[in-house]
Amino acid sequence: MKSLRHHDRGARGAINNFPCPCVALLQNCVNKVTQPKLSLPLNNHSKMATPQQTHLLLSPLLLLLLLSPLRGISAIGINYGTLGNNLPPPKRVAQLLQSTLIDKVKIYDTNPDILQAFSNTGIDLIVAVENSRVSNLSSSPSAADKWFSARVLPFIPATSVVAIAVGNEYLTADDEDNNSNLDPKSLFQAMQNLHAVLVARGLDRKIKVTTPHSMAVLASSFPPSSSTFALNFIPIMTSIVGFLSDTAAPFMVNAYPYFAFRNNPNSVNLQYALLGNSTGVRDPKGYVYTNMLDAQIDAVRSAINALGFGNKMVEITVSESGWPSKGDAGETAATPENAKTYNTRLIERAQSNRGTPMRPKDKVGIFVFSLFNENKKKGGASERNFGIFNGDGSKVYDVDLSCEFCSGGGKLEFGEKVAGVGRGPSVWCVAKPHAEEKVVQQVLDFCCGPGGVDCREIYESGDCFGPDKVHAHASYAMNAYYQMHGRNYWNCDFKGTGLVTFSDPSYGTCRYSGQ
């Protein structure tokens, strides 16, 4: 068991690695937790602290620190569009995604069936205000409160809504009703009104308000270091970026190297667009780009800096990026092979937690576009063929989203095996497969130390020792803690690393407790 190999650090090392501004205030509880009698000795099961011993020394503040959500966990998101008449029901989609590396799903409305389907799945949801509704929400805080109360509030906290996307490419979209540009001021006012609603309800730290932009908000995207926002967007972008900075919300951009290649096939290298050009493209300031997506992200970063926000923290999230598997006659690069290559590399990039040449230490959140081909979507053939899955649930091409420790055994299919996931009275808690190993290790140390869990089954001689991996051992310990404390949803948060599942994670002779 990996936690035991490092347990000579004791609980102090685990606690100190959790960020907290109140170090002096916590020192007393840290000292109590790190008393020698609470350490978990290596290969000495008889001296393990009992739950009674540890419970007396665990302060409410320490519990809050260990079990509250953690920012900075790496994740892979996916866009779930529903403009099709042949798509699987939302409940089946939610069950499938629990068997994958996907832990964030972005939708384009507040479909109540989808919000309900993702309850208690451990998957974060980004919901949206449709472009046509932005004007109404901008009219007054009460209009925003009415929308939130009717469309989001009934589903939380069982459904983990973490962001509201106000509109989609609103600044560069056309109003379908009158073919005129949508009012930029309405967008910013609607964002402010929704944030005020969240502040009033004490939800502004959990749920962020943002808006996804197209790359068309830039005057130009190359070279990345010289990029700025288009002149007509500078006033509204200054307001929006300032709002995002003040509220710690991400700047969302829909970035598609595919369209750049399609529109300029003679000047854009295909492998560069497919995220795989080893030779690289050099920016005048010395940055070298091996793929267009990083260049697009840094172009947005430069535009933000040009507004005067270079010294402020504004995270960038790629809210959409993908490659179509089919297109119209002239779209020769829209093939299943290229789509598989692009999305495989995109997922690998999302998992790598690396930044860009301009900001190598800044993690970039990524949402793959998209889950399904949507046969009712407007536009050319490529617009309807960005999905990893067809509407009937079959794979368009094979991209590996499976994981070893997810509920459902890692099966990525919409057949009867997924539809028949057992949903009896039992429920379990396991570690999210994408969670940072360092944080999972700390959670494991907590559960097997001050958390009071009997971890003998994940010792080398125990039935749950194999596979000898941190996530596997943590899943056993987290579930034991979850069951021991009444199976409340907050008992399976563990700094955002826990996942509630209705599928029994037991395997072989390793049995996970359940009620």
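- With an unreviewed UniProt entry as reference, the protein chain is termed glucan endo-1,3-beta-D-glucosidase, source organism Rhododendron simsii.
- In its Subcellular location (unreviewed entry) section, UniProt records this for the protein chain: "Secreted".
- What UniProt states about the protein chain under its Sequence similarities (unreviewed entry) heading is, verbatim, "Belongs to the glycosyl hydrolase 17 family."

1. Some words on the sheet that holds strand E1 (residues 76-79)
- Strand order across the open sheet formed by 9 strands is E5-E4-E3-E2-E1-E11-E10-E7-E6, with parallel pairing between neighbours. Here the strands that pair on one side only, and so sit at the sheet edges, are strand E5 (208-210) and strand E6 (212-214). Averaged over all adjacent pairs, the angle separating strand axes in this sheet is 25 degrees, with direction ignored.
- Sheet topology places E1 next to strand E2 (residues 102-106); 4 bridges connect them, and they run parallel. Each bridged residue has a counterpart across the sheet, and for isoleucine 78 the counterpart in E2 is valine 105.
- Against the sheet, helix H11 (residues 234-247) engages E5, E6 and strand E7 (251-254), with an angle of about 165 degrees to E5.

2. Quick word on the pairing of strand E11 (residues 365-368)
- Across 2 bridges, the pairing between E1 and E11 is parallel. Opposite glycine 77, over in E11, you have phenylalanine 367 as the bridge partner.
- The pairing of strand E10 (residues 316-321) with E11 spans 3 bridges and is classified as parallel. Across the sheet, residue valine 318 finds its bridge partner in E11, namely isoleucine 366.

3. Brief notes about the nonpolar core
- Core analysis: the biggest nonpolar cluster contains 105 residues, and Val105, Phe118, Phe148 and Phe251 have the highest contact counts within it.
- With 10 residues, helix H14 (residues 292-309) is the single largest residue contributor to this core.
- When sequence neighbours within four positions are dropped, the list of residues in contact with valine 105 reads Ile78, Tyr80, Leu97, Phe118, Ile123, Asp124, Leu125, Ile126 and Phe367.
- Of all hydrophobic cores here, the second largest spans 30 residues; its members include Val430, Ala431, Tyr482 and Leu499.

4. Some points on the state of the cysteines
- A full pass over the atoms with the stated rule returns 3 disulfides.
- Residue pairing for cysteine 448: its cysteine sulfur links by disulfide to cysteine 455, the two sulfurs lying 1.9 Å apart. Here the disulfide of cysteine 448 and cysteine 455 is left-handed, its torsion about the S-S bond being about -90 degrees.
- Since its relative accessible area comes to 2%, cysteine 448 is described here as buried.
- With no disulfide of its own, cysteine 447 lies 6.5 Å from the sulfur of cysteine 448, the closest cysteine sulfur.

5. What to know about the packing of helix H10 (residues 184-200) against H11
- Following both chains from N to C, one finds H10 and H11 inclined at 15 degrees, their axes separated by 10 Å at the closest point. Judged on the interaxial angle alone, H11 and H10 are roughly parallel. Handedness of the crossing formed by H10 with H11: left-handed. Across from Pro184, Lys185, Leu187, Phe188, Met191, Gln192 and His195 in H10, the residues of H11 making contact are Ile236, Ser239, Ile240, Phe243, Leu244 and Thr247.
- Across the contact of H10 with H11, the residue classes break down as 8 nonpolar, 4 polar and 1 charged.

6. Points about the side chain of lysine 432
- Summarising the element assignment, lysine 432 is placed in the loop between strand E12 (428-431) and helix H17 (437-448).
- Under the relative-accessibility criterion, lysine 432 is labelled buried at 7%.
- Discounting chain neighbours no more than four positions away, the residues touching lysine 432 are Asp103, Gly122, Asp124, His471, Gly496, Thr497, Gly498 and Leu499.

7. Observations concerning the environment of leucine 218
- Inspection of the secondary structure puts leucine 218 in the loop between E6 and H11.
- Taking relative accessible area as the criterion, leucine 218 reaches 8% and is therefore assigned buried.
- Each C-alpha atom, one on leucine 218 and one on alanine 303, is 7.4 Å from the other, the two residues being 85 residues apart in sequence.

8. Quick notes on the environment of phenylalanine 372
- Assignment of secondary structure puts phenylalanine 372 in the loop between E11 and helix H16 (416-419).
- For the pair formed by phenylalanine 372 and isoleucine 388, sequence separation is 16 residues and the distance between their alpha carbons is 5.8 Å.

9. Section: the confidence of the model for the protein chain
- Of the residues in the protein chain, 79% reach a pLDDT of 70 or more, and the chain-wide mean stands at 80.
- By mean pLDDT, helix H2 (residues 10-16) is the weakest element of the protein chain at 31, and E5 is the strongest at 98.
- This model gives residues 407-411 a pLDDT under 50, and the stretch forms 13 contacts once residues within four places in sequence are excluded.
- Throughout residues 415-425 the model reports pLDDT below 50, and contacts reaching past four residues in sequence, or to other chains, amount to 15 contacts.

10. Structural notes on the packing of H17 against helix H18 (residues 470-484)
- Across the interface, H17 lies against H18 with an axial gap of 9 Å and an inter-helix angle of 40 degrees. Taken together, the axes of H17 and H18 are oblique relative to one another. As H17 runs across H18, the sense of the crossing is left-handed. When H17 is examined against H18, the residues Glu437, Val440, Gln441, Val443, Leu444, Phe446, Cys447 and Cys448 are found in contact with a partner set consisting of Val470, His471, His473, Ala474, Ala477, Met478 and Tyr481.
- Grouping the amino acids of the contact of H17 with H18 by side-chain chemistry returns 11 nonpolar, 3 polar and 1 charged.

11. What about H14?
- End to end, H14 covers 24 Å across 18 residues, agreeing with the expected 26 Å (1.5 Å per residue, within 8%).
- Summarising burial for H14: 15 of the 18 residues are buried, a large majority.

Conventions adopted
Residues numbered from 1 in each chain as written. Predicted model: local features only at pLDDT ≥ 70, side-chain atom pairs only at ≥ 80, totals over all residues. Heavy atoms only, no water. UniProt positions renumbered as here; feature names shortened; annotations may be inferred. Pairing = 2+ DSSP bridges. Helix = DSSP H or I, 4+ residues; strand = E, 2+ residues; numbered from the N terminus. Axes fitted to C-alpha atoms, helices over the stretch in contact; angles between N-to-C directions. Contact = heavy atoms within 4.5 Å. Core = buried A, V, L, I, M, F, W, Y, C linked by side-chain atoms within 4.5 Å. Buried < 20%, exposed > 50% of the residue type's maximum accessible area, 1.4 Å probe, protein only. Disulfide = S-S within 2.5 Å. Parallel < 35°, antiparallel > 145°, perpendicular 65-115°, else oblique. Left-handed = near helix turned anticlockwise from the far one by under 90°. Nonpolar A, V, L, I, M, F, W, Y, C, P; charged D, E, K, R; others polar. pLDDT = per-residue confidence, 0-100. Expected span 1.5 Å × (residues − 1).

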